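# Observations on chain architecture
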Amino acid sequence: MKINENKAGIYIHIPFCRKACHYCNFHFSTSLQQKAAFLQALHKELEEQKSYLNNKSIQSIYFGGGTPSVLSQEELAAIMEIVHTTYHVDANAEITLEANPDDINTTYLQELKSIGVNRMSVGIQSFYERDLLWMNRSHTAEQAEKCLQLIAEAGFEKITADFIYGIPMLSHSEWIGNINKVIQFGVNHISCYALTVEPKTALQHFIASGKTAGISDQHSAEQFAILTEQLNANGFEHYEISNFAKNGAYALHNSSYWLGNHYLGVGPSAHSYNGIERKWNIANNALYIQAVENKLPYSEIEILTVIQQMNELIMTSLRTMWGLDLNRFKQQFGEQHTSTLLHNIQSAENNKLLITNENILTISPEGKFLADGIISDLFFDD
Ligand code: SF4
């Protein structure tokens with residue numbers, strides 16, 4: 001997959017969830033009281049940011065969160081209308097909506113199709129009721145299975161499901177059970193994340209107070225190995241550290257982030273990148289709404305230094321199977337930085353964690369679970 005410099009993406013953050021999952025540190029509120037005011041502010045922001053992407057055409061729109069499926073068809077349709085009237089959206093743009101299984105029904109799916117959603121991303125996390133209760137998910141195991149069936153029946157060709165591994169009581173055979181079951185539903189994209197203990201989450205508190213067992217890196221690493229083996233055997237490409245696709249069904253929107261394409265993020269906590277600067281919106285619903293209403297600033301902006309640009313390219317490209325093009329790095333950042341990078345690559349190559357082939361640097365299969373550490377060892381210091 002290659003970067004297309006004339007294309008861009010739009011990310012729309014819907015900051016509401018029906019319940020707070022114990023492990024989650026994303027930005028959301030479980031109170032929907034401010035939903036109408038938020039939608040008004042979001043409409044305004046979409047119009048105000050019209051020139052951010054410099055008239056590039058939009059190849060992907062991504063409703064993420066939070067839980068975008070808390071919105072009705074009318075609410076989503078109103079957002080789409082503003083996007084279409086404000087931006088030039090490609091006729092075949094990828095339009096993804098993240099949904100939780102308890103929001104899915106046949107009518108809603110047809111409504112989503114009618115407003116142009118053509119890719120469904122479902123947060124399943126596990127098919128075991130015990131795990132869902134432990135994580136405080138809003139849906140049941142039965143709903144997790146049912147929604148995948150309904151989405152396939154509704155005719156969505158692009159379906160992705162999210163799972164979590166490394167859950168303390170999830171045995172390896174149960175994890176294989178989760179993987180096999182989702183494959184049977186015919187999804188062509190799977191995202192899997194190791195359970196991590198994020199600051200200020202309920203999970204962190206439960207572990208600190210001894211109420212629940214801690215997370216074992218060894219257990220997670222073993223389940224990651226099982227995951228890659230099972231999905232490879234079933235024809236999925238491991239195209240990004242946490243993402244697997246069958247028959248080339250790569251996530252266009254997410255791939256744009258990893259390849260360095262430009263994107264506009266709207267809504268509280270959303271991030272944007274236009275090649276020159278990064279900006280991120282305030283992660284507070286009430287303050288975001290007030291600021292947009294009163295024409296006050298609601299985002300912070302950072303102009304990227306050369307070192308930040310190099311680290312960014314190393315980080316995003318090494319996460320993918322397309323890797324880091326060392327020629328592109330040299331053209332962009334010069335001989336001296338490239339020789340420093342090559343020197344840093346050497347020891348990871350000696351340990352078989354990185355592979356260079358025809359000037360493309362990738363993380364080896366053995367290195368993938370350790371990707372974050374390998375990548376940060378290559379970073380340039382400020
Ligand atoms: S539904 Fe998603 S965003 Fe909401 S709390 Fe759970 S994991 Fe976080």
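Residues numbered from 1 in each chain as written. Predicted model: local features only at pLDDT ≥ 70, side-chain atom pairs only at ≥ 80, totals over all residues. Heavy atoms only, no water.

## Some thoughts on the packing of helix 11 (residues 306–318) against helix 12 (residues 326–333)
Geometrically, a packed helix pair is captured by the angle between its two axes and the distance between the axes. At a closest axis distance of 12 Å, the pairing of helix 11 and helix 12 adopts a crossing angle of 170 degrees. What the angle tells us is that helix 11 and helix 12 run roughly antiparallel. Here helix 11 contributes Val306, Gln309, Met310, Leu313 and Ile314 to the contact with helix 12, which in turn contributes Arg328, Phe329, Gln332 and Phe333. Taken together, the residues that form the contact of helix 11 with helix 12 break down as six nonpolar, two polar and one charged. (Axes fitted to C-alpha atoms, helices over the stretch in contact; angles between N-to-C directions. Helix = DSSP H or I, 4+ residues; strand = E, 2+ residues; numbered from the N terminus. Parallel < 35°, antiparallel > 145°, perpendicular 65-115°, else oblique. Contact = heavy atoms within 4.5 Å. Nonpolar A, V, L, I, M, F, W, Y, C, P; charged D, E, K, R; others polar.)

## Observations regarding the site of the ligand
Taken together, Cys17, Lys19, Cys21, Tyr23, Cys24, Phe26, Phe28, Gly66, Thr67, Asn100 and Arg137 make up the full set of residues near the ligand. Looking at the shell around the ligand, its residues break down into six nonpolar, three polar and two charged. (Near = heavy atom within 4 Å.)

## Considering helix 11
Taking 1.5 Å per residue, 13 residues should reach 18 Å; helix 11 reaches 18 Å between its end C-alpha atoms and fits that length. Every buried residue belonging to helix 11 is among Met310, Asn311, Leu313, Ile314, Thr316, Ser317 and Leu318, and all of these are buried. (Expected span 1.5 Å × (residues − 1). Buried < 20%, exposed > 50% of the residue type's maximum accessible area, 1.4 Å probe, protein only.)

## Structural notes on unusual backbone geometry
Here the amide bond leading from Gly65 into Gly66 is cis, since omega sits at 20 degrees, within 30 degrees of zero. Of note, the phi angle at Lys200 is positive, near 60 degrees, even though the residue is not glycine. Summarising the element assignment, Lys200 is placed in the loop between strand 6 (189–194) and helix 7 (202–208). Judged by its relative accessible area of 81%, Lys200 is exposed. Phi at Lys352 is positive, roughly 60 degrees, even though this residue is not glycine. Structurally, Lys352 is set in the loop between helix 13 (335–350) and strand 14 (354–357).

## Section: the nonpolar core
The nonpolar side chains of a soluble globular protein tend to be buried with one another. Core analysis: the biggest nonpolar cluster contains 79 residues, and Ile12, Phe63, Ile79 and Met120 have the highest contact counts within it. Of the residues forming this core, the biggest block, six residues, is contributed by helix 5 (residues 141–153). Counting residues in each nonpolar core, the second largest holds 21 residues, with Met310, Ile314, Ala348 and Phe380 among its members. (Core = buried A, V, L, I, M, F, W, Y, C linked by side-chain atoms within 4.5 Å.)

## Notes on the sheet that holds strand 14
Pairing is antiparallel in the open sheet, where three strands are placed in the order 13-15-14. The open sheet has two free edges, formed respectively by strand 13 (324–325) and strand 14, since each of these has just one partner strand. Judged from the four bridges that link them, strand 14 and strand 15 (residues 360–363) form a sheet pairing that is antiparallel. Residue pairing in the sheet places Asn357 in a bridge with Ile360 of strand 15. (Pairing = 2+ DSSP bridges.)

## Focus on the side chain of Asn281
Its place among the elements puts Asn281 in strand 11 (residues 277–281). Here the side chain of Asn281 touches Glu45 through a polar contact of 2.9 Å, side chain to side chain. Apart from the residues within four sequence positions on either side, Asn281 is in contact with Glu45, Gly265, Val266, Gly267, Pro268, Ser269, Ala270, Tyr288, Tyr298 and Ser299. (Polar contact = N/O pair within 3.5 Å; in protein donor to acceptor, adjacent residues only side chain to side chain.)

## Some details on the side chain of Ser317
Position of Ser317 among the secondary structure elements: in helix 11. If near-sequence neighbours (up to four positions away) are discounted, Ser317 is found in contact with Trp258, Gly323 and Leu324.

## Notes on the packing of aromatic side chains
Each pair of aromatic rings is reported with the distance of its centres and the angle of its planes. Tallied over the entire structure, the rule returns 17 aromatic pairs. Note on Tyr250 and Trp322: the rings are 5.2 Å apart at their centroids and 85 degrees apart in plane angle, and the pair reads as edge-to-face. In this pair, Tyr250 is assigned in the loop between strand 8 (243–246) and helix 9 (252–259) and Trp322 in the loop between helix 11 and strand 13, connecting sequence segments 72 residues apart. Pairwise contacts between aromatic rings join Phe16, Phe38, Tyr288 and Tyr298 into one cluster. Lying across the ring of Phe206, Lys211 places its NZ or CZ 4.2 Å from the centre. (Phe/Tyr/Trp six-rings, centres within 6.5 Å; stacked < 30°, edge-to-face > 60°. Lys NZ or Arg CZ within 6 Å of the ring centre and 35° of its normal.)

## Regarding the state of the cysteines
Under the definition given, this model contains zero disulfides. Here Cys147 is not cross-linked by a disulfide; its sulfur's nearest cysteine counterpart is in Cys21, at 14 Å. (Disulfide = S-S within 2.5 Å.)

## Regarding helix 1 (residues 35–48)
Over its 14 residues, helix 1 extends 20 Å from the first C-alpha to the last, a length consistent with the 20 Å expected when each residue adds 1.5 Å. The secondary structure elements touched by the buried residues of helix 1 are strand 1 (7–14), helix 2 (73–86), strand 9 (262–266), strand 11 and helix 10 (285–293).

## A short note on the domain arrangement of the protein
With domains assigned, the protein is organised as domain 1 (7–257) and domain 2 (305–382). Computed from C-alpha atoms alone, the centre-to-centre distance between domain 1 and domain 2 is 29 Å. Buried surface at the junction of domain 1 and domain 2, both sides included, amounts to about 990 Å², of which 69% is carbon and sulfur. Measuring nitrogen to oxygen at the nearest pair gives 2.7 Å for the salt bridge that ties Arg319 to Glu240. Connecting domain 1 to domain 2 are three residue pairs in polar contact (both at pLDDT 80 or more). Those elements that place two or more of their residues in the side of domain 1 that touches domain 2 are helix 8 (217–233), strand 7 (236–240) and helix 9. Partitioned by chemical class, the residues of the side of domain 1 that touches domain 2 number seven nonpolar, four polar and three charged. (Domains from an automatic or database assignment. Buried area = accessible area lost by both parts, 1.4 Å probe. Salt bridge = Lys/Arg side-chain N within 4 Å of Asp/Glu carboxyl O.)

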